[in-house]
Amino acid sequence: MSRYEYIDSQSKDPANTHPVWKMCRWLAVYTSGFYDWLKRPQSATAARREGLTARVRKFFEESDG
């Protein structure tokens, strides 16, 4: 997981009370870089991982865990 992915996941967590700019400072990344990253289209690797995760979940559920 990249720093930007971590910040994004934490910013969507309702239990997290830290603003994005503070998390960026803690992780030594620029806030502008984070927001530029959000605008980028999904990479091919991320799309493959997402598809693989869906398949694994499906097979897990079909096999009764």
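Report on the accompanying structure. Predicted, not measured: the structure shown is a model, and the values here were computed from it.

1. With respect to the overall build of the protein
In terms of helices and strands, the protein carries four helices and zero strands. Overall, the protein shows an N-to-C arrangement of helices and strands of α-α-α-α. For a compact globule of 65 residues, the expected C-alpha radius of gyration is about 11 Å, and the protein comes in at 15 Å, more than 25% above that figure. Each of the three principal axes of the protein carries a C-alpha extent, and together these read 45 × 30 × 15 Å. Counting the 65 residues in the protein, one finds 15% classified as buried. Within the protein, contacts between residues at least 6 apart in sequence are counted, and of these 41% link residues at least 24 apart. Total accessible area on the protein is roughly 5600 Å²; 54% of this is exposed by carbon and sulfur atoms. Here the protein carries 11 positive and 8 negative side-chain charges, and the mean point of each set is 9 Å from the other.

2. Quick notes on helix 1 (residues 3-11)
For an α-helix, 3.6 residues make a turn, and residues three or four places apart therefore share a direction. Listing the buried residues of helix 1 in full gives Tyr4, Ile7 and Asp8. One side of helix 1 holds all its buried residues, which, seen down the axis, span an arc of 100°.

3. Digging into the pattern of salt bridges
Applying the stated rule across the entire model yields two salt bridges. Between lysine 12 and aspartate 8 there is a salt bridge, with its nearest N and O atoms 3.4 Å apart. One salt bridge connects lysine 58 with glutamate 62, and the closest N-O pair in it is separated by 3.8 Å. Residue lysine 58 and its partner glutamate 62 are located together in helix 4 (residues 44-62), separated by four residues, close to a single helical turn.

4. Things to note about the packing of aromatic side chains
Counted under the stated rule, the structure contains four aromatic pairs. Ring geometry for tyrosine 4 versus phenylalanine 34: centroids 6.2 Å apart, planes at 50°, classification tilted. Highlighted residues: tyrosine 4 in helix 1 and phenylalanine 34 in helix 3 (residues 31-39), separated in sequence by 30 residues.

5. Overview of the nonpolar core
It is characteristic of soluble globular proteins that their nonpolar side chains tend to be buried jointly. Counting seven residues, the largest nonpolar core consists of Tyr4, Ile7, Val20, Met23, Cys24, Val29 and Phe34. For this core, the secondary structure elements donating two or more residues are helix 1 and helix 2 (20-26). The biggest single contributor to this core is helix 2, with three residues. Ignoring sequence-local partners within four residues, the contact set of cysteine 24 consists of Ile7, Val29, Tyr30, Thr31 and Phe34.

So, how was this worked out
Residues numbered from 1 in each chain as written. Predicted model: local features only at pLDDT ≥ 70, side-chain atom pairs only at ≥ 80, totals over all residues. Heavy atoms only, no water. Helix = DSSP H or I, 4+ residues; strand = E, 2+ residues; numbered from the N terminus. Rg over C-alpha atoms; globule rule 2.2 N^0.38 Å. Buried < 20%, exposed > 50% of the residue type's maximum accessible area, 1.4 Å probe, protein only. Contact = heavy atoms within 4.5 Å. Areas by Shrake-Rupley, 256 points an atom, 1.4 Å probe, with all protein chains shown as cover. Lys, Arg positive; Asp, Glu negative; His and termini not counted. Charge placed at Lys NZ, Arg CZ, Asp CG, Glu CD. Arc of directions from axis to C-beta. Salt bridge = Lys/Arg side-chain N within 4 Å of Asp/Glu carboxyl O. Phe/Tyr/Trp six-rings, centres within 6.5 Å; stacked < 30°, edge-to-face > 60°. Core = buried A, V, L, I, M, F, W, Y, C linked by side-chain atoms within 4.5 Å.

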